[in-house]
Each structure stands twice: as C-alpha cells, then as structure tokens.
Amino acid sequence: MSRLSSRILLFSNVLKRVWKHPFRRQPKSIKRILIAHHLLLGDTIMLTPLVAKAREQFPDAEIVLLTPKAITDLYQSKPYGTTAVPYDPKDINTLQNLLKKPGYDLALIPGDNRYSWLAYALNSKWIKAFKEDKMTYKSWPIDELIPYSNKPSNWADMTAELINGPEPQPFNSEDWPVPELEPYDQPEKPFCVLHVGASNKLRTWKASKWRQVADHLTEKGYTVAWSAGKNETQLVSEIDTDSKYLSTAGKLSLTQLFDLIKNAELLICPDTGIAHIGKITGTCTITIFGQGSPQLFGVGHFWRNNHFDSIFIDSISCRDQTHIFKRNLEWIKRCNRNELKCVNPKCISSISAEMLITQINKNLGI
C-alpha cells in the first residue's frame, strides 16, 4: 500500500508539472543538482566519480544524492560537499520530504531510468540518463540520453560520463572524512578484516578456505576480525566453529564498519558492497570475484591510486551474461544467477586459499 501511495503522489506531481511547466529548456547556470536512484550500498558508492565530477564542474552547486535509508549515515561527513537524502519508493514519507524542496537545474539518472519520473516530479529543468533502457516509457521525461561505453570500462567511471568535461581527479581518502559514530570495541592492531557475507549466496567462499586464510594471518602476527551482516552471523559460526577469532558480525553500524575498515591493514571480502567501502576508506583491499567482473566493478580509473586487488579466474564459460541495468553491452562478461539456477558455482569454488594467501603476502609485504 505504501508503494501504491507513493506512486499516486508521484503521478499527481508529474501532472502538476505538465500543467504548470509543459516546456523545458537547458538551464544556463547550474545551482542545484539531483542524483536520483535507489541502488544498493556498493552501487551507490560507485557513484562517487559522478559526484566528484559534479563538484569539479559545478564548484558552487548544491549536490543532492538520493540514498537508501540504511546507508544515509555513511554520507554524514558530506564527501565532496554532497547532501545525502534518504529515499525509498516504498516509503511515502521520503517522497513527501523531497517534495518540500523541489527545483533542480540538473538531474542525473545513473541506473534505472524510471527515476527520471521522480526527477521530473521534483521540477528538474534538465534530466540526463543513459540510453537503451529496455522499457522506453521510463525515459520519456529525459532531455538528454548518453550512450554507455562501447569498450571495456569500469561502471563507476562510466557514470561520470553523464557530466560533460574531463574525468574527475583520482580519489583521495581525505575526500571522504570519517562520519560520526558511536564508540565500539576495536581489535588489537595490526588487524585484518575478513568480511564473509554477500547478498548472493553464490558469491560466498568455502568455510575451510576462510579458516586457512585466518590461520595464516595469525601466524604472521595479525589480529583477525570476522565481519558479516546481521543476517549472516551463521556464516561466521560455520567458519570459526571454536570462536577462535574476534567476530564483529551483526554488531556494528555502517559508520562503525567504515571506521573498522579504515583502521585495518587489509580488507578481504567477496564482490559485495563492503568491498566498495574499502575503496572510500583507502584501505588495502582484496576482493574475491566469482560471478562478477573486476573490469566492471573493480578498481577502475577513479580509484587507480588505491591498493585494490582482485582474485579472479577468467576462463569460466558460464560467466556469459552481458547486461547491466537492463542494457546489453557485448564486452561485459558476468553472471547474476542465483542458487536456484546454479548449484555448482565454479567461478568462486575454483579460487583456492593458496591463491588468496599469495596475494595477501604480496600486499602486506610478508
């Protein structure tokens, strides 16, 4: 019912806009910018090059970035002077809050083009998005459609192409100050964070391999801190059956997790949103890519100064899907199947503990 109520409110404001302002033209000056989406944690963080470029091209503009409610606190410190505003299509209160302050000179739609209707309802003068969303009605309010790259690229870098001008300066961890957080018990330094959870179970790694990696780090003098989401604590229990190592699983807020990762010597995790927190904290990170694409979701160009490595086996025939946000790009090689469609994920099971340990030794200089 809440989603229906939000749609009715959104549609009524679209009609008001059509009635009062039927004609649009590109503004001569940009004072307010809206970045509209409803992406998950990792994809939202991957919009950072777009935010950075917006700030460089429009240094005096107000930049409003919509975020899922659960991750808004991560933006408390206003990276790049950005104001994060929570938005959930199922929560009419978040839409009502946005409608209190409409009027944007430029709206950018980096993901699903359906959010162009939200930008239109918020009285955005000029709306830009990417081409070829399969459902064309989503793109009706858009003024300018930009093609995705026709050559292998990082999706984070691609989002910045919604704004004209040179690519943004490479990321520096000082660009993202530590947000406010409640005190918590930190591991003894030096420590490494091993995040074992993932939204797709096909991206999780075998328990025995995690134990082997944890034991290796301990032998080399590092404290091991397990990490997982609130609904993933069982994964840690299955890995560390004797509770040999510290577990933060399900105990930390997102801002506390940011701080934990920032203070770690190394972050190791599957291809999930936590890997992207490692990017914005500037932490040395090793990401275990199974289904995903390091080309598409790895370090890219914007984070080129980060210590961000990928463990990846390229020759997996079933990594054959070529789409992103319902656009088909022939150069993409990824898999987004779930456990109902794949019972033996060779892409992740073929990665050995020895492969990861070799990369750990290289990164930590041991």
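In what follows, the accompanying structure is described. The residue count restarts for each chain, going from 1 along the sequence in the order it is written. Given that this is a predicted model, residues contribute local features only at a pLDDT of at least 70 and side-chain atom pairs are listed and counted only at 80 or more, while totals for whole chains, interfaces and linings are drawn from all residues. Remark: hydrogens and water are excluded; side-chain values derive from all non-hydrogen atoms of the structure.

### Quick notes on the sheet that holds strand β11 (residues 285-288)
To keep things clear, this is the line we draw: Strands were regarded as paired on the criterion that DSSP finds at least two bridges between them. For the purposes of this entry, the term helix denotes a DSSP run of H or I that reaches at least four residues, the term strand denotes a run of E that reaches at least two, and both are numbered from the N terminus. A contact between two residues is defined here by any heavy atoms of the two lying within 4.5 Å. Each axis is a line fitted through C-alpha atoms, taken for helices only over the stretch in contact, and angles between the N-to-C directions span 0 to 180 degrees.
Taken in spatial order, the six strands line up as β9-β8-β7-β10-β11-β12 in an open sheet, and their pairing is parallel. Each having just a single partner strand, β9 (246-247) and β12 (308-311) make up the two edges of the open sheet. Pairing geometry for strand β7 (residues 191-195) and strand β8 (residues 223-227), over five bridges, is parallel. Counterpart to L194 in the pairing with β8 is W226. Strands β7, β10 (266-270), β11 and β12 of the sheet are contacted by helix α10 (residues 273-281), whose axis makes an angle of about 155° with β10.

### Examining the environment of I35
Test applied: Relative accessible area decides the class of each residue, using a 1.4 Å probe on protein chains only: under 20% of the type maximum gives buried, over 50% gives exposed, and in between gives partly exposed.
As for its position among the elements, I35 is in strand β1 (residues 32-35). Note on I35: relative accessible area 0%, which makes it buried. In sequence terms I35 and N113 are 78 residues apart; their C-alpha atoms lie 12 Å from each other. Sequence-distant contacts of I35, that is, excluding residues within four places in its chain, are made with L47, L50, V51, I63, V64, L65, L66, L108 and P110.

### Digging into the sheet that holds strand β4 (residues 106-109)
A sheet is described by the order of its strands in space; here six strands give the open sequence β3-β2-β1-β4-β5-β6, paired in parallel fashion. Either end of the sheet is taken by a strand with one partner, and the two such strands are β3 (82-86) and β6 (144-146). Direction aside, neighbouring strands of the sheet carry axes that sit 20° apart on average.

### Considering the pattern of salt bridges
As a working rule, side chains carrying opposite charge can pair if their charged atoms are close by. Our working rule: Salt bridges are defined as contacts in which a side-chain nitrogen from Lys or Arg sits within 4 Å of a carboxyl oxygen from Asp or Glu.
For the structure on display, the rule yields twelve salt bridges. The shortest N-O distance in the salt bridge between D215 and K244 comes to 3.5 Å. In this pair, D215 is assigned in helix α7 (residues 207-219) and K244 in the loop between α8 (233-239) and β9, connecting sequence segments 29 residues apart. A salt bridge links D320 to R337; the shortest N-O distance between them is 2.8 Å. Of this pair, D320 sits in the loop between β12 and β13 (323-324) while R337 sits in the loop between β14 (327-328) and α12 (346-349), and the two are 17 residues apart along the sequence. Several salt bridges converge on common partners, so that one network encompasses D112, R114, D133 and K138.

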